[in-house]
Amino acid sequence: MQDEWTQEEFYKQREHLKAQGIKVLLIDTILKPLEGIETIIYNPPLMQKEPKGSVFVLYCDTGKVTYERLKSYRKKFPDYTIISLRGGRGYWRSHFKPLDTKKLGESIKECKLP
């Protein structure tokens, strides 16, 4: 798995992994929740209660600090996958949602030209 995910990668991977029964959580390390999505505050005792194998996507203001601390986080949570959110809170777009290419493909097939 990658060390960093963009917002678009986060949405795509979350859906892909959810279908496999793997939980993906967005972790707030700076006490500033993101708009438009559920986040949990970085709290190791509570995080360790999540199912083993879950994916923690950590974010800070820029993504730089969480990326630099990946080794430390991975040592602290060896039973989980740890990813940094590229660009952090600063690059998060609350109204961004990736296109559902499956639905898009179906609607394109349904569209008939004269």
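Note: the structure precedes this text.
So, here's what we can say about the structure. (Residues numbered from 1 in each chain as written. Predicted model: local features only at pLDDT ≥ 70, side-chain atom pairs only at ≥ 80, totals over all residues. Heavy atoms only, no water.)

Focus: the nonpolar core
Okay, so step 1: In this structure, Trp5, Phe10, Leu26, Val57 and Trp92 are the most contacted members of the largest nonpolar core, which totals 14 residues.
Okay, so step 2: Ignoring anything within four residues of it in the chain, the contact list for Trp92 reads Gln7, Phe10, Tyr11, Leu26, Leu34, Glu35, Ile37 and Leu85.
Okay, so step 3: Listed in part, the 10 residues of the second largest apolar core include Ile27, Met47, Leu58 and Tyr80. (Core = buried A, V, L, I, M, F, W, Y, C linked by side-chain atoms within 4.5 Å. Buried < 20%, exposed > 50% of the residue type's maximum accessible area, 1.4 Å probe, protein only. Contact = heavy atoms within 4.5 Å.)

A word on the sheet that holds strand S3 (residues 40–41)
Okay, so step 1: The strand order S1-S5-S4-S2-S3 describes an open sheet built from five strands, whose pairing is parallel. The sheet is open, and its two borders are formed by strand S1 (4–5) and S3, each paired with just one other strand.
Okay, so step 2: Strand direction decides the pairing type here: strand S2 (residues 24–28) and strand S4 (residues 55–59), joined by five bridges, are parallel. Each bridged residue has a counterpart across the sheet, and for Ile27 the counterpart in S4 is Leu58. (Pairing = 2+ DSSP bridges. Helix = DSSP H or I, 4+ residues; strand = E, 2+ residues; numbered from the N terminus.)

Here we look at the side chain of Ser84
Okay, so step 1: Looking at the element boundaries, Ser84 is found in strand S5 (residues 81–85).
Okay, so step 2: Judged by its relative accessible area of 0%, Ser84 is buried.
Okay, so step 3: Side chain to side chain, Ser84 and Thr66 meet in a polar contact 2.8 Å long.
Okay, so step 4: Those residues within four positions of Ser84 in sequence are excluded, and the remaining contacts are Asp3, Glu4, Trp5, Val57, Leu58, Gly63, Thr66, Tyr67 and Leu70. (Polar contact = N/O pair within 3.5 Å; in protein donor to acceptor, adjacent residues only side chain to side chain.)

Description of the pairing of S4
Okay, so step 1: Here S4 lies mainly inside the structure; five of its five residues are buried.
Okay, so step 2: Here S4 shows two buried faces, one formed by Val55, Val57 and Tyr59 and the other by Phe56 and Leu58.
Okay, so step 3: Across four bridges, the pairing between S4 and S5 is parallel. Within the sheet, the bridge partner assigned to Val57 lies in S5 and is Ile83.

Things to note about the packing of aromatic side chains
Okay, so step 1: Following the criterion strictly, the structure yields nine aromatic pairs and no others.
Okay, so step 2: Aromatic side chains Phe10 and Trp92 sit 6.2 Å apart centroid to centroid with 65° between the ring planes, which places their arrangement in the edge-to-face category. One end of the pair, Phe10, is in helix H1 (residues 7–19); the other, Trp92, is in the loop between helix H5 (88–91) and helix H6 (101–110), with 82 residues separating them in the sequence. In terms of burial, Phe10 and Trp92 fall into one category: buried.
Okay, so step 3: Taken together, a centroid distance of 5.9 Å and an interplanar angle of 40° make the contact between Tyr11 and Trp92 tilted. One end of the pair, Tyr11, is in helix H1; the other, Trp92, is in the loop between H5 and H6, with 81 residues separating them in the sequence.
Okay, so step 4: Taken together, the ring pairs connect Tyr42, Phe56, Tyr73, Phe77 and Tyr80 into an aromatic cluster. (Phe/Tyr/Trp six-rings, centres within 6.5 Å; stacked < 30°, edge-to-face > 60°.)

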